[in-house]
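The lines below spell out each chain.
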Amino acid sequence: MTHTLHAHKHEHEHDHSHRHGHRHSHREGRWARVGHMVSELLGTHSHDAADQVDEALEADVRGRRALWISLGVLALTAVLQAGVVALTGSVALLGDTLHNVADAVTAVPLLLAFWLARRPANDRFTYGYGRAEDLAGLFVVAMIALSSVLAGWQAIDRLFHPRDIEHVWAVAAAGVVGFAGNEVVARYRIRVGRQIGSAALVADGLHARTDGFTSLAVVLGAAGVAFGVPWADPVIGLLIAVAILGVLRSALKQVGARLMDAVTPEDVRRAREAVCTVEGVLEIRSLRLRWIGHTLHADGDITVAADQPVSAGHDIAHHAEEHLLEVLPRLTSVVLHVSPDGSH
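None of the values given here were measured: they were computed from a predicted structure.

### Topic: the overall build of the chain
Regarding its fold elements, the chain presents 11 helices and 4 strands. Here the contacts in the chain between residues at least 6 apart in sequence split such that 75% fall between residues at least 24 apart. Total accessible area on the chain is roughly 16,800 Å²; 64% of this is exposed by carbon and sulfur atoms.

Now the structure itself:
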């Protein structure tokens, strides 16, 4: 017997839904009422389905808002730095500016991914479009790699073809601006990403934070030039290119893990403990978690006593799902298969 979070197709499900209706509370509002009506029409257990719809919509809105705001901040930062580059000819600042531009552009595919994630599942994409968010992470990785190549190429070219840097202190000021802009964006993206469970948004925030520290390196390069060390600027540019490679490695690791359905062992442990505390569960034969975008999904196989009636097994699975939803905040769907003891 397989018990799912969203729909249970057996002959007693409508009556069972009404018996347990008092256990579920729904938020007031349009989406809550829609979720409740759908649950009643289909004869399903809502498991606070309307709340989950509200939370999923809120997560999408917050994610897109964070991307739009950070895009604006980084774009403004890059424009200010580009103006100083044109005025001074600093290669280190040019590399930092290119990296900030790339960081700003990475918000575009993430915005598209959040928009796609709102589309409902269908017969072709039965899990919905949440995976688009993970695929957008590949574009983030590509842009990081491109910015590293461009910054390195410009620095090497300037080593072989030195140019005087004018208005050194303006370069230093632009580096400070770059650090401030990136740190603001980093804090915002990381905070929102962790709250909504978006690994791509968190990774993009960490990327912005690293960009901020490379902006401080620009300040060091400008100081070197000011103290009569002209090669400091292109050398700092090369160091920035290497630093970007470090960011690339970190981003590739995070994006690759998400595409491989990696989850934290701590979440798996908490999920197992939650199911084990349910009265009537004799054994957990399997329990799997996977992220799809910024939503978590679970499926498993639990063993109950062989003499349990179907309705009792159904209740046990129902309680197991409730426990999982309590310990895993970003969990949006659960599929549990109930096996009688000795069947395997």
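Now that the structure has been shown, the text picks up again.
### Topic: the side chain of T295
With respect to the helices and strands, T295 occurs in strand 3 (residues 295–304). Judged by relative accessible area, which is 16%, T295 ranks as buried. Of note is the side chain of T295, whose polar atom sits 3.1 Å from the side chain of H297.

### Structural notes on unusual backbone geometry
Peptide bonds are trans in most cases, and residues, glycine excluded, mostly fall at negative phi. You will see that D261, though not glycine, has its phi angle at about 60°, which is positive. The residue D261 is located in the loop between helix 9 (232–259) and helix 10 (265–276) in this model.

### With respect to helix 9
Across its 28 residues, helix 9 extends 40 Å between first and last C-alpha, which sits within 8% of the 40 Å expected from 1.5 Å per residue. Directly beyond the C-terminal end of helix 9, a positive phi value near 60° is found at D261.

### Brief notes about a nonpolar patch on the surface
A surface patch of nonpolar side chains, about 290 Å² in accessible area, is lined by V101, V105, V108 and F139. Its place among the elements puts V101 in helix 4 (residues 91–105).

### Brief notes about the packing of helix 8 (residues 199–226) against helix 9
Two numbers describe how helix 8 lies on helix 9: the axes approach to 9 Å, and their chain directions differ by 170°. The angle between the axes of helix 8 and helix 9 places the two elements in the roughly antiparallel class. Where helix 8 abuts helix 9, its residues A199, A203, L206, H207, T210, T214, A217, V218, G221, G224 and V225 lie against A232, D233, I236, I240, A243, V247, Q254 and R258. Broken down by class, the residue content of the contact of helix 8 with helix 9 amounts to 11 nonpolar, 6 polar and 2 charged.

### Examining the packing of aromatic side chains
The geometry of two aromatic rings is summed up by the distance between their centres and the angle between their planes. Per the counting criterion, the structure on display carries 1 aromatic pair. With a centroid separation of 4.8 Å and an interplanar angle of 40°, the aromatic rings of F125 and Y129 are classed as tilted. What makes Y129 buried here is its relative accessible area of 14%. R290 extends its terminal NZ or CZ atom over the ring of Y127, reaching a point 5.3 Å from the ring centre.

### Considering the pairing of strand 2 (residues 283–292)
Relative to strand 3, strand 2 runs antiparallel, the two being bridged by 9 bridges. Bridge assignment links I292 to a residue of strand 3, and that residue is T295. Counted between consecutive antiparallel strands, the loop separating strand 2 from strand 3 contains 2 residues, among which G293 sits at a positive phi close to 70°.

### Quick notes on the pattern of salt bridges
Taken as a whole and assessed by the stated rule, the structure comprises 10 salt bridges. For R258, the salt bridge is made with D134, and the minimal N-O distance between the two is 3.9 Å. On the criterion of sequence distance, the pair formed by R258 in helix 9 and D134 in helix 6 (residues 131–160) is long-range, its members being 124 residues apart. Classification of D134 by relative accessible area gives buried; the value is 5%. Between R285 and D301 there is a salt bridge whose closest N-O contact spans 3.1 Å. Of this pair, R285 sits in strand 2 while D301 sits in strand 3; the two residues are 16 residues apart in sequence, bridging distant segments of the chain. Accessibility expressed as a relative area gives 10% for D301, which makes it buried. Taken together, the shared-partner salt bridges in this structure form one network comprising R131, D134, R258, D261 and R290.

### Here we look at the environment of L74
Mapped onto the secondary structure, L74 falls in helix 3 (residues 49–88). Residue L74 is classed as buried on the basis of its relative accessible area, which comes to 0%. When the C-alpha positions of L74 and V184 are compared, they lie 9.4 Å apart, and in sequence the two are 110 residues distant.

### Digging into the pairing of strand 3
In terms of burial, strand 3 is largely enclosed, as 9 of its 10 residues are buried. Where strand 3 and strand 4 (residues 331–340) come together, 9 bridges link them in parallel fashion. Note on strand 4: the bridge partner recorded for V304 is P340. After leaving strand 3, the chain enters helix 11 (residues 310–327) and then returns to the sheet as strand 4, a path that is right-handed.

Conventions we followed
Residues numbered from 1 in each chain as written. Predicted model: local features only at pLDDT ≥ 70, side-chain atom pairs only at ≥ 80, totals over all residues. Heavy atoms only, no water. Helix = DSSP H or I, 4+ residues; strand = E, 2+ residues; numbered from the N terminus. Contact = heavy atoms within 4.5 Å. Areas by Shrake-Rupley, 256 points an atom, 1.4 Å probe, with all protein chains shown as cover. Buried < 20%, exposed > 50% of the residue type's maximum accessible area, 1.4 Å probe, protein only. Polar contact = N/O pair within 3.5 Å; in protein donor to acceptor, adjacent residues only side chain to side chain. Expected span 1.5 Å × (residues − 1). Patch = residues over 30% accessible without salt bridge, like charges linked within 9 Å, V, L, I, M, F, W, Y side chains within 5 Å. Salt bridge = Lys/Arg side-chain N within 4 Å of Asp/Glu carboxyl O. Axes fitted to C-alpha atoms, helices over the stretch in contact; angles between N-to-C directions. Parallel < 35°, antiparallel > 145°, perpendicular 65-115°, else oblique. Nonpolar A, V, L, I, M, F, W, Y, C, P; charged D, E, K, R; others polar. Phe/Tyr/Trp six-rings, centres within 6.5 Å; stacked < 30°, edge-to-face > 60°. Lys NZ or Arg CZ within 6 Å of the ring centre and 35° of its normal. Pairing = 2+ DSSP bridges. Right-handed = clockwise from strand over helix to strand, strands pointing away.

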